[in-house]
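The chain contents come next:
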Amino acid sequence: MNASVALATAERVLRQLRRDPRTLALVLLVPPLLLTLFRYVFDGSQLTFNRVGGPLVGIFPFTMMFVVTSIAMLRERTSGTLERLMTTPLGKLDLLLGYALAFAVVAVAQACIACGVAFSLLGLNVNGSIAVVIGLAVINAVLGMATGLFTSAFARSEFQAVQFLPAVVFPQILLCGLIAPRAHMTHVLYVASFVLPLTWAYDALAHAVAGTGDAKIVRDALILLGVIVAALSLGATTLRRRTG
Amino acid sequence: MAAIAIEELTVNRGGAPVLKGLSLSVEAGAVTGLLGPSGSGKSTLMRAIVGVQIVAGGTVTVLGVPAGAPELRKRVGYVTQAPAVYLDLTVAENLRYFARVLGAPRSSVAEALAMVDLGGFENRLAGSLSGGQLSRVSLATALLGSPELLVLDEPTVGLDPVLRRDLWAAFAALAERGVTLLVSSHVMDEADHCDRLLLLRDGELVADDTPAGLRERTGQTDLDDAFLALVEVSA
Ligand SMILES: Nc1ncnc2c1ncn2[C@@H]1O[C@H](COP(=O)(O)OP(=O)(O)O)[C@@H](O)[C@H]1O
Ligand SMILES: [Mg+2]
């Protein structure tokens, strides 16, 4: 593990993103636009908007970072740069931390913009702390990144990688409690929701928005950090120095 | 001492044997050409030497240690057949990144670019370069940090004659300084630039000789004909 190599990698990934202003614009502007859409879909019911919109601010980064990372990593694998890097002193952890760092920076920007629009223009109301919502958004971004990194190992093409979004992320959004309270689900789904990381992400966000249960937020955040470490470790095992 | 010593190397790819008990050695401080038709196993052999190929058997010793050992990662420069370059970065950004990864000084970037004749291209986006320019950027990344051994997979393919001549001169100059070079090509007319030749056909070594020795052994003056003679004899 070499901090200078991890930093160089983070800087390189950010440079690549900057060269792609359209992707950057989409990553930064789609969440506030969707939140605006939600605001007027729930025009008659500010309470519903508060309940759904608040957690959404923290869930967008998860989804977007998942897609962006799995494509970026897939490109690294298919372009031959990964094979080349694996013959250099770069450690697998350096590469993963570099990616994590770069996307965490983007996630902070994304969450700040989404929160700024939601709280100032859309009248989103949270009882809890806005800083906690942003902090959770960053954790979720890194979670999305770590998950995307791992799943990208199972995609051979960008078409396949994109399909992992509905396959891996949509079920978690359905089961996390955002759409319907988990207690109302059939027993099997209720039990299944416990092992899905997004359930804990939503739980933390819901508490942060409602301003209740700081201890639960800390517990959820710790669970998420554990999942991040596990996903990054699994991701590291998919980076092979030797291949067939 | 040989820079590379290979014994009984066996490699299977996609379920089929590619290298079947290959043994050879590569002299230090010289330019060795790895020649053979496409599909003969040149890239596979090079991958085994830099330690990225899963091997089924045999030993590959590079600079005195097993291929792929962590300590070799700074001592061996490798250029893949397809350019390994970030297309959305400029030439200089690509090289500066690899320099930081390799722990090479920043000044080595300009030196490497000069060597592949890409001075003045620093700020060009890699994605906007021609195929030949791109493969030279890839080559430049391997020159960073002054490796002792360079493993170059078809670095001169697709380049014009003047550039090819200049690159071979640069390779000779590196060998002069003690660097070992293993350079593959499927074009026989590059063979005369090499101190030694390894001829590969269907994963088997059909010759390990100097260009002059090869001519003498086959009675051919043209290396293309010499190669054909060898391939036909062994077939
Ligand atoms: N990724 C791969 N999977 C399966 N077979 C491969 C792969 N790469 C190369 N091969 C096979 O291995 C043999 C040698 O290929 P290669 O080493 O690339 O030859 P060369 O570099 O001399 O053209 C060929 O028959 C090729 O089809
Ligand atoms: Mg090849």
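To keep things clear, this report deals only with the structure shown in the data block. (Residues numbered from 1 in each chain as written. Chains lettered and ligands numbered in written order. Predicted model: local features only at pLDDT ≥ 70, side-chain atom pairs only at ≥ 80, totals over all residues. Heavy atoms only, no water.)

### What about the overall build of chain B?
Piece 1. Helix and strand content of chain B: seven helices and 10 strands.
Piece 2. In summary, chain B has a C-alpha radius of gyration of 18 Å against a globular reference of 18 Å for 235 residues, a match within 12%.
Piece 3. Counting only C-alpha atoms, chain B reaches 50 × 35 × 35 Å along its principal axes.
Piece 4. Within chain B, the fraction of its 235 residues that count as buried is 54%.
Piece 5. Taking the intrachain contacts of chain B between residues at least 6 apart in sequence as the baseline, contacts between residues at least 24 apart amount to 66%.
Piece 6. In the form shown here, chain B has an accessible surface area of approximately 9600 Å², with 51% of it arising from carbon and sulfur atoms.
Piece 7. Taking the average place of the 19 positive charges on the side chains of chain B and the average place of its 28 negative ones, the gap between the two points comes to 8 Å. (Helix = DSSP H or I, 4+ residues; strand = E, 2+ residues; numbered from the N terminus. Rg over C-alpha atoms; globule rule 2.2 N^0.38 Å. Buried < 20%, exposed > 50% of the residue type's maximum accessible area, 1.4 Å probe, protein only. Contact = heavy atoms within 4.5 Å. Areas by Shrake-Rupley, 256 points an atom, 1.4 Å probe, with all protein chains shown as cover. Lys, Arg positive; Asp, Glu negative; His and termini not counted. Charge placed at Lys NZ, Arg CZ, Asp CG, Glu CD.)

### Quick word on the overall build of chain A
Piece 1. Check the secondary structure of chain A and you find 10 helices and zero strands.
Piece 2. N-terminal to C-terminal, the α/β element order of chain A is α-α-α-α-α-α-α-α-α-α.
Piece 3. Here the C-alpha atoms of chain A give a radius of gyration of 18 Å, agreeing with the 18 Å that 2.2 N^0.38 yields for 244 residues.
Piece 4. Dimensions of chain A, computed from the C-alpha atoms along their principal axes, are close to 60 × 40 × 35 Å.
Piece 5. The buried share of chain A, reckoned over its 244 residues, is 51%.
Piece 6. A separation of at least 24 residues holds for 77% of the contacts in chain A among residues at least 6 apart in sequence.
Piece 7. Side chains of chain A give 18 positive and 10 negative charges; the mean places of these two sets differ by 5 Å.

### What about the nonpolar core?
Piece 1. Membership of the largest hydrophobic core comes to 124 residues, with the highest contact counts inside it found for Leu 95, Phe 103 and Met 145 of chain A together with Leu 144, Phe 171, Leu 181 and Leu 199 of chain B.
Piece 2. In terms of residues, this core owes the most to one element, helix α5 (residues 92-121) of chain A, which gives 15 residues.
Piece 3. The contact partners of Phe 171 of chain B, leaving out residues within four places of it in the chain, are Val 31, Leu 139, Leu 152, Pro 155, Thr 156, Leu 181 and Val 183 of chain B. (Core = buried A, V, L, I, M, F, W, Y, C linked by side-chain atoms within 4.5 Å.)

### Here we look at the packing of aromatic side chains
Piece 1. Per the counting criterion, the structure on display carries nine aromatic pairs over all chains.
Piece 2. Centroid distance Phe 194 of chain A to Trp 200 of chain A: 6.1 Å. Interplanar angle 55°. Geometry classified as tilted.
Piece 3. What makes Phe 194 of chain A partly exposed here is its relative accessible area of 36%.
Piece 4. Relative to Phe 98 of chain B, the ring of Tyr 86 of chain B lies with its centre 6.2 Å away and its plane at 25°, an arrangement referred to as stacked. (Phe/Tyr/Trp six-rings, centres within 6.5 Å; stacked < 30°, edge-to-face > 60°.)

### Some remarks on the sheet that holds strand β6 (residues 76-79) of chain B
Residues and elements named next belong to chain B.
Piece 1. If you walk across this open sheet you meet the six strands as β6-β7-β8-β3-β9-β10, and the pairing is mixed. In this open sheet, the two edge strands, each paired with only one partner strand, are β6 and β10 (204-209). Each neighbouring strand pair of the sheet contributes to a mean axis angle of 15°, computed without reference to strand direction.
Piece 2. Judged from the four bridges that link them, β6 and strand β7 (residues 149-152) form a sheet pairing that is parallel. The partner of Val 79 across the bridge, within β7, is Leu 152.
Piece 3. Across the face of the sheet, helix α4 (residues 131-143) comes into contact with β6 and β7 while running at roughly 170° to β6.
Piece 4. Sitting on the sheet, helix α6 (residues 211-218) is in contact with β9 (196-201) and β10, with an inclination near 110° to β10. (Pairing = 2+ DSSP bridges. Axes fitted to C-alpha atoms, helices over the stretch in contact; angles between N-to-C directions.)

### Describing the site of ligand 1
Residue and element names in this part refer to chain B.
Piece 1. Contacts to ligand 1 come from Arg 13, Gly 14, Val 18, Pro 37, Ser 38, Gly 39, Ser 40, Gly 41, Lys 42, Ser 43 and Thr 44.
Piece 2. One of the side-chain N or O atoms of Arg 13 is found 3.4 Å from a nitrogen atom in ligand 1.
Piece 3. The separation between an oxygen atom of ligand 1 and a polar main-chain atom of Gly 41 is 3.0 Å.
Piece 4. Considered on its own, ligand 1 offers 560 Å² of accessible surface; in the complex 59% of this is hidden by protein. (Near = heavy atom within 4 Å. Polar contact = N/O pair within 3.5 Å; in protein donor to acceptor, adjacent residues only side chain to side chain.)

### Describing the side chain of Ser 138 of chain B
All names here are of chain B.
Piece 1. Checked against the element boundaries, Ser 138 lands in helix α4.
Piece 2. Accessibility expressed as a relative area gives 2% for Ser 138, which makes it buried.
Piece 3. A polar atom in the side chain of Ser 138 sits 3.2 Å from the backbone nitrogen of Ala 84.
Piece 4. The residues touching Ser 138, leaving out its near neighbours within four places in the chain, are Val 79, Pro 83, Ala 84 and Val 85.

### Description of the coordination of the magnesium ion (ligand 2)
Piece 1. Within the protein, Ser 43 of chain B (OG) and Gln 81 of chain B (OE1) serve as the donor atoms for the magnesium ion (ligand 2), at 2.0 to 2.1 Å. One end of the pair, Ser 43 of chain B, is in helix α1 (residues 42-50); the other, Gln 81 of chain B, is in the loop between β6 and α2 (91-102), with 38 residues separating them in the sequence. (Donors = N, O, S within 2.8 Å, 3.2 Å for Na, K, Ca; no water.)

### Comments concerning the pattern of salt bridges
Piece 1. What the rule picks out here adds up to 18 salt bridges over all chains.
Piece 2. Across the pair Arg 39 of chain A and Asp 43 of chain A runs a salt bridge whose closest N-O atoms are separated by 2.9 Å.
Piece 3. For Arg 39 of chain A, a relative accessible area of 17% translates into the label buried.
Piece 4. Exposure remark for Asp 43 of chain A: the relative accessible area of 48% places this residue in the partly exposed category.
Piece 5. Here Glu 154 of chain B makes a salt bridge to Lys 42 of chain B, at a shortest N to O gap of 3.8 Å. One end of the pair, Glu 154 of chain B, is in the loop between β7 and α5 (161-176); the other, Lys 42 of chain B, is in helix α1, with 112 residues separating them in the sequence. (Salt bridge = Lys/Arg side-chain N within 4 Å of Asp/Glu carboxyl O.)

### Brief notes about the interface of chain B and chain A
Piece 1. Facing 30 residues of chain B, the contacting portion of chain A comprises 27 residues.
Piece 2. For the pair chain B and chain A, the two sides together bury roughly 2700 Å², of which 53% comes from carbon and sulfur.
Piece 3. Counting the contacts that link chain B with chain A gives four salt bridges.
Piece 4. Note that Arg 47 of chain B and Glu 83 of chain A form a salt bridge whose closest N and O atoms lie 3.0 Å from each other.
Piece 5. On the surface where chain B and chain A come into contact, there are 20 residue pairs in polar contact (both at pLDDT 80 or more).
Piece 6. Broken down by secondary-structure element, the contributors of at least two residues to the side of chain B that touches chain A are α1, α2 and α4 of chain B.
Piece 7. When the residues that make up the side of chain B that touches chain A are grouped by side-chain class, the tally is 17 nonpolar, six polar and seven charged. (Buried area = accessible area lost by both parts, 1.4 Å probe. Nonpolar A, V, L, I, M, F, W, Y, C, P; charged D, E, K, R; others polar.)

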